[in-house]
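A look at the structure
Spelled out from the first residue to the last, the chains are:
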Amino acid sequence: MNRLNFHNNKTMQDRRCVCVFLPNDDTLNIIVNVKTLCQELLVQVCDLLRLKDCHLFGLSVIQNNEHIYMELDQKLSKYCPKEWKREASKGIDQFGPPMIIHFRAQYYVENGRLISDRVARYYYYWHLRKQVLLSQCIQREEAYFLLAAFALQADLGNFKRNKHFGKYFEPEAYFPQWVIAKRGREYILRHIPNMHKDQFALTASEAHLKYIKECAQLDDVTVHYYRLYKDKKEVEASLTLGLTLRGIQIFQNVGSVRQLLYDFPWTNVGKLVFVGKKFEILPDGLPSARKLIYYTGCPVRSRHLLQLLSNSHRLYMNLQPVLKQVRRLEENE
């Protein structure tokens, strides 16, 4: 059989490898055409995961330590490194270095019951697991212990005395580092088993629901953070925009600490305007002179933020009637 000549085979030259990181630390290695649309890759990922409802998820690339979500009608090549775009030329089995892409939650919800597909709920839960490890809600320390108990029930099932003792889990996988530093690993390993035991008979799906609901009560878990500049000349971003499931927050950066300046629920955001690098927030009920003006650094970031903010606002408003029904159902239960 004649070996296929890679250099003269256009189909092979147009193929590239992408490595998709999943929230649960698994990866998918997928071969795509260099002209593949982001939407086509998202559909392929959801098919491989058997995920039926992917409207809360997106594909992102990391740029300057921020997750930039892909516009689904754009080609993957818009977000790729330069070397990925170049023709692969090392042979039929080699497609060059893979492009790193993240499959993660793009939009947040207050209640896991709004996610009907269990597979989608599973990956949403795992996204929150990673967010919790970065959480800094010092005044809500007890919440992290409760979350760990729900997560252990989801991951390991019912507590078994002959199986779950000693170091049967890694505290670093369930707690932010500051909690471990404050309490110590031994304290956590001694106290969590009883809290795990208290979740007896909860199914994995029920534990996921409880975890998702509790996370929504923490201020910095269901949030996307993006740098903002006070003026055009600023080199280091002195502000941070927090996109929460309920609205927009603006923080002043003081060293490594964020100090809250403004908190606008979606119902109080009258208008968002992006013009080039400039970003304007017009709060409802305030005169136009009171609008807040910030800078994003470049028009591409402005476009990304406008789309993400607009879609998040639309989803939040659309889900409110459904959320009321869910709350009524929970009260009746």
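Residues numbered from 1 in each chain as written. Predicted model: local features only at pLDDT ≥ 70, side-chain atom pairs only at ≥ 80, totals over all residues. Heavy atoms only, no water.

The name an unreviewed UniProt entry gives the protein chain is FERM domain-containing protein 6, with Characodon lateralis as the organism.

Here we come to the overall build of the protein chain. Helix and strand counts for the protein chain come out as 9 helices and 12 strands. Dimensions of the protein chain, computed from the C-alpha atoms along their principal axes, are close to 65 × 65 × 40 Å. The contacts of the protein chain with a sequence gap of at least 6 include a subset with a gap of at least 24, amounting to 59%. For the protein chain, the exposed area adds up to about 18,100 Å²; of that, 50% sits on carbon and sulfur atoms. Positive and negative charge centroids in the protein chain, built from 48 and 34 side chains respectively, lie 3 Å apart. (Helix = DSSP H or I, 4+ residues; strand = E, 2+ residues; numbered from the N terminus. Contact = heavy atoms within 4.5 Å. Areas by Shrake-Rupley, 256 points an atom, 1.4 Å probe, with all protein chains shown as cover. Lys, Arg positive; Asp, Glu negative; His and termini not counted. Charge placed at Lys NZ, Arg CZ, Asp CG, Glu CD.)

Moving on to the pairing of strand S2 (residues 27-33). Because side chains alternate across S2, one face comprises the buried residues Leu28, Ile30 and Val32, and the other comprises Thr27, Asn29, Ile31 and Asn33, none of which is buried. In this structure, strand S1 (residues 15-21) lies alongside S2, joined through 7 bridges in antiparallel fashion. Along S2, the bridge assignment pairs Val18 with Ile30. Taking the residues between adjacent antiparallel strands as the criterion, S1 and S2 are bridged by 5 residues, where Asp25 takes a positive phi near 75°. (Buried < 20%, exposed > 50% of the residue type's maximum accessible area, 1.4 Å probe, protein only. Pairing = 2+ DSSP bridges.)

What follows concerns the sheet that holds strand S8 (residues 247-254). Backbone hydrogen bonds are what pair the strands of a sheet, in a parallel or an antiparallel way. The strand order across the open sheet built from 4 strands is S6-S7-S8-S9, with neighbouring strands paired in antiparallel fashion. Across the chains shown, the open sheet's two edge strands, defined by having one partner strand only, are strand S6 (223-228) and strand S9 (257-265). Sheet twist, expressed as the average angle between the axes of neighbouring strands with direction ignored, equals 25°. Note: strand S7 (residues 239-244) against S8, 5 bridges, orientation antiparallel. Across the sheet, residue Leu239 finds its bridge partner in S8, namely Gln252. (Axes fitted to C-alpha atoms, helices over the stretch in contact; angles between N-to-C directions.)

Strand order in this open sheet of 3 strands is S10-S11-S12, and the pairing throughout is antiparallel. Strand pairing shows two members of the sheet lacking a second neighbour, strand S10 (269-275) and strand S12 (292-295), which therefore form its edges. Here the average twist between neighbouring strands, direction ignored, is 20°. Bridge analysis of S10 against strand S11 (residues 278-283) gives 6 bridges, and the strand direction is antiparallel. Pairing of Phe274 across the sheet is with Phe279, part of S11. Along the sheet, helix H9 (residues 299-332) contacts S10 and S11; its crossing angle with S10, the most-contacted strand, is approximately 155°.

Running from amino to carboxyl end, helix H4 (residues 118-133) crosses helix H8 (residues 204-215) at an angle of 45°, the nearest separation of the two axes being 10 Å. Viewed along their axes, H4 and H8 adopt a mutual orientation that is oblique. Every pair of crossing elements has a handedness; the one defined by H4 and H8 is left-handed. Along its contact with H4, which presents Arg118, Arg121, Tyr122, Tyr124, Tyr125, Leu128, Arg129 and Val132, the element H8 presents Ser205, His208, Leu209, Tyr211, Ile212 and Cys215. Taken together, the residues of the contact of H4 with H8 break down into 9 nonpolar, 2 polar and 3 charged. (Parallel < 35°, antiparallel > 145°, perpendicular 65-115°, else oblique. Left-handed = near helix turned anticlockwise from the far one by under 90°. Nonpolar A, V, L, I, M, F, W, Y, C, P; charged D, E, K, R; others polar.)

Our focus in this paragraph is the nonpolar core. Grouped together as the largest cluster of nonpolar side chains are 95 residues, with contacts concentrated most on Val18, Phe103, Tyr124 and Phe175. The residues contacting Tyr124, other than those within four sequence positions of it, are Leu56, Phe57, Ala105, Tyr107, Tyr108, Val109, Ile115, Ile212 and Thr222. (Core = buried A, V, L, I, M, F, W, Y, C linked by side-chain atoms within 4.5 Å.)

The next thing to look at is the packing of helix H5 (residues 141-156) against H8. What describes two packed helices is the angle between their axes and the distance between those same axes. Following both chains from N to C, one finds H5 and H8 inclined at 160°, their axes separated by 8 Å at the closest point. It follows that H5 is roughly antiparallel to H8 by the angle criterion. Note on packing geometry: the crossing formed by H5 with H8 is left-handed. Only Ala204, Ala207, His208, Lys210, Tyr211, Glu214 and Cys215 of H8 make contact with H5, whose side of the interface consists of Ala143, Leu146, Leu147, Phe150, Ala151, Gln153 and Ala154. Broken down by class, the residue content of the contact of H5 with H8 amounts to 10 nonpolar, 2 polar and 2 charged.

Here we take up the environment of Glu170. Of note, Glu170 is situated in the loop between H5 and helix H6 (177-183). Along the backbone, Glu170 and Gln259 are 89 residues apart, and their C-alpha atoms lie at a distance of 32 Å. In this structure the side chain of Glu170 is engaged in a polar contact, spanning 3.3 Å, whose partner is the side chain of Lys167. (Polar contact = N/O pair within 3.5 Å; in protein donor to acceptor, adjacent residues only side chain to side chain.)

This part covers the pattern of salt bridges. If you walk through the whole model with that rule in mind, you get 19 salt bridges. The residue Glu141 makes a salt bridge to Arg183 at a minimum N-O spacing of 2.6 Å. One end of the pair, Glu141, is in helix H5; the other, Arg183, is in helix H6, and 42 residues separate them in sequence. Taking the relative accessible area as the measure of exposure, Arg183 reaches 35% and is therefore partly exposed. Among the salt bridges present, the one from Lys291 reaches Glu280, with a minimum N-O distance of 3.6 Å. Taken together, the positions of Lys291 in the loop between S11 and S12 and Glu280 in strand S11 put the pair 11 residues apart, joining distant regions of the chain. The class of Lys291 is partly exposed, set by a relative accessible area of 33%. Under the relative-accessibility criterion, Glu280 is labelled buried at 10%. Among the charged side chains, a salt-bridge network with shared partners connects Lys167, Glu170, Glu172 and Arg185. (Salt bridge = Lys/Arg side-chain N within 4 Å of Asp/Glu carboxyl O.)

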